[in-house]
Amino acid sequence: MGQDVAVQQLVGFVKGFSRTGRRKAALLYGPVGSGKTCSVYAVASELGLEVLETNASDFRNADGITSTAGAASRQMSLFNRGKVILIDEIDGISGQQDRGGVGAIQELIESSAFPVVMTANDPSDKKFAPLRKASFMVEFQQMPVPAVKERLAKIAVAEKIAIDGDALTILANRSAGDLRGAITDLQLLGSMSGKLSTEAVSELSERNRNEEMSSALLRVFKTTDVGIAAAAFEKVEAQPEECFAWIDENLPNEYKKPEELAAAYDALSRADVFRGRIMRRQDWRLLTYYIQLMSIGTAIAKERKYDWIAPFKQPSRGLKIFIARAKHQRKLDIAAKIAELLHAPKSAVLSDTLPFLRLIFSRENDKRKIEKMAAELGLEPDEVNWLAGA
């Protein structure tokens, strides 16, 4: 629903798949509940193909991925049908438990006789750079509320669920673009009485994606107990960097004594030192020090908890950093392509070649010339737009 462009791109990739093609895989990325996985099944069904699915979070090492999908990716199915190899949630192989998973997927893509489709919420991590390079990138947008409501209304009619007043509108608004979650809520509430009432929707706990984070922040900010602070982020489904950003954003609103605020930021700075070591050395054993310094260090920076409860704000700095990193990653990806083509060091391409290319792409008015240059360099449309300054 609402992903027409992305679905057509996926159909085009699967239909046009070639083992000798430059793009042997597709990487679908976008928010939770936007339809990435079910689109693969829908396209495969329409084209008469079988789906072989594996979830990357269940196989975080090379042996797991290879044993699950390796042999099947080279053999026709029992009834001689073609296949789509689906590797769901590749975000799950990022982190300390990854033991060659990305490399195994690369090998799978190269050897597979069938199209490989991967899904991810956010594939911008530099660990996934080889997969991005080998893949046709397909973006799924966050579902707008009207589209969520439209789909829920069709389901309600098909399932004979009576809608009371503005119940459907409220349910759609609370979905935060997560259509899958909204459908689950509709099923939960509608299956009870065959009716979706405004009261039932109001009683439903709001799907607040920051709820767990807020609870974790409360445990850090409102305690001086080391044990409580150490376990604060254990159940939060967020990367440590996101937890760090939340603490950083809200700390000045919570701690008012200058010496306590300084001590808390000192702990955060020490945590950031460990984050840098982790990224440089890829030594994920240091992750526990990173997490405990920012949680325990923040908690014990104060003598006693403050009585007030400051409303927590979503980190704006983290969003800016994410956007900046995404742009920087695109720059690195373009440089890597050109470096491989020119047999030149990537550093030289970044410093010498890219500035001239940006000048050419931003000032050249002949569209055919730009398209020809882009094709020779192997650039995707979004990379051409970046060079053009769009």
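Residues numbered from 1 in each chain as written. Predicted model: local features only at pLDDT ≥ 70, side-chain atom pairs only at ≥ 80, totals over all residues. Heavy atoms only, no water.

**Considering unusual backbone geometry**
A positive phi is found at Lys160, a non-glycine position, where the angle reads about 60°. Position of Lys160 relative to the elements: it lies in the loop between helix H6 (145-158) and strand S6 (162-163). Its identity as a non-glycine residue notwithstanding, His343 has a phi of 55°, on the positive side. In this fold, His343 is placed in the loop between helix H15 (316-342) and helix H16 (346-363). (Helix = DSSP H or I, 4+ residues; strand = E, 2+ residues; numbered from the N terminus.)

**Describing the environment of Lys222**
Locating Lys222 in the fold gives a position in the loop between helix H10 (211-221) and helix H11 (226-230). Within the structure, Lys222 has its side chain in polar contact with the side chain of Glu254 (distance 2.6 Å). (Polar contact = N/O pair within 3.5 Å; in protein donor to acceptor, adjacent residues only side chain to side chain.)

**Brief notes about the side chain of Lys36**
Within the secondary structure layout, Lys36 lies in helix H2 (residues 36-46). In this structure Lys36 is buried but unpaired, with Asp88 as the nearest side chain of opposite charge at 7.1 Å. Excluding residues within four positions of it along the chain, Lys36 makes contact with Leu28, Tyr29, Gly30, Pro31, Thr119, Ala120, Asn121 and Phe140. (Buried < 20%, exposed > 50% of the residue type's maximum accessible area, 1.4 Å probe, protein only. Lys, Arg positive; Asp, Glu negative; His and termini not counted. Salt bridge = Lys/Arg side-chain N within 4 Å of Asp/Glu carboxyl O. Contact = heavy atoms within 4.5 Å.)

**Observations regarding helix H17 (residues 367-377)**
Here H17 has its buried residues at Ile370, Ala374 and Leu377. Down the axis of H17, the sector holding all buried residues measures 70°, keeping them to one side. Seen from the buried face of H17, the exposed residues on the opposite side, beyond 90 degrees, are Arg368, Lys372, Ala375 and Glu376. Two residues or fewer past H17, Gly378 is found with a positive phi of approximately 70°. (Arc of directions from axis to C-beta.)

**As for the nonpolar core**
Buried together is how nonpolar side chains tend to be arranged in soluble globular proteins. Phe233, Tyr290 and Met294 are the most contacted members of the largest nonpolar core, which has 25 residues in total. Among the elements of the structure, H10, helix H12 (240-254), helix H13 (258-281) and helix H14 (287-299) are those that each provide at least two residues to this core. Counting residues in hydrophobic clusters, the runner-up holds 18 residues, among them Ala6, Leu10, Leu28 and Phe140. (Core = buried A, V, L, I, M, F, W, Y, C linked by side-chain atoms within 4.5 Å.)

**Quick look at the side chain of Thr298**
In this fold, Thr298 is placed in helix H14. Here Thr298 falls in the buried class, since its relative accessible area comes to 0%. For Thr298, the contacting residues outside a window of four places in its chain are Val220, Phe221, Ile247, Leu251, Tyr255, Ala264, Ala267, Leu268 and Leu293.

**Details of the packing of H16 against helix H18 (residues 381-388)**
Between H16 and H18, the least distance of the axes is 7 Å, while the angle of their chain directions is 90°. Between H16 and H18, the angle is such that the two are roughly perpendicular. Here Leu354, Leu357, Arg358, Phe361 and Ser362 of H16 come into contact with H18, specifically with Val384, Trp386, Leu387 and Ala388. By residue class, the composition of the contact of H16 with H18 is seven nonpolar, one polar and one charged. (Axes fitted to C-alpha atoms, helices over the stretch in contact; angles between N-to-C directions. Parallel < 35°, antiparallel > 145°, perpendicular 65-115°, else oblique. Nonpolar A, V, L, I, M, F, W, Y, C, P; charged D, E, K, R; others polar.)

**Structural notes on the packing of aromatic side chains**
All chains considered together, the criterion is met by five aromatic pairs. Between Phe13 and Phe17, the aromatic rings sit 6.4 Å apart at their centres with planes inclined by 70°, giving edge-to-face as the arrangement. Note on Phe13: relative accessible area 8%, which makes it buried. According to the relative accessible area criterion, Phe17 is buried, its value standing at 18%. Ring centres of Phe221 and Phe312 lie 6.0 Å apart, and the angle between their planes is 40°; this geometry places the pair in the tilted category. Of this pair, Phe221 sits in helix H10 while Phe312 sits in the loop between H14 and H15, and the two are 91 residues apart along the sequence. Over the aromatic face of Phe274 sits the side chain of Arg277, whose NZ or CZ is 4.9 Å from the ring centroid. If you follow Arg358 out to its NZ or CZ, it ends over the ring of Trp386, 3.9 Å from the centre. (Phe/Tyr/Trp six-rings, centres within 6.5 Å; stacked < 30°, edge-to-face > 60°. Lys NZ or Arg CZ within 6 Å of the ring centre and 35° of its normal.)

**A closer look at the confidence of the model for the chain**
Confidence along the chain averages 81 in pLDDT terms, with 83% of residues attaining 70 or more. Counting contacts from residues 94-98, a segment whose pLDDT is below 50, to residues more than four positions away or on other chains yields 11 contacts. (pLDDT = per-residue confidence, 0-100.)

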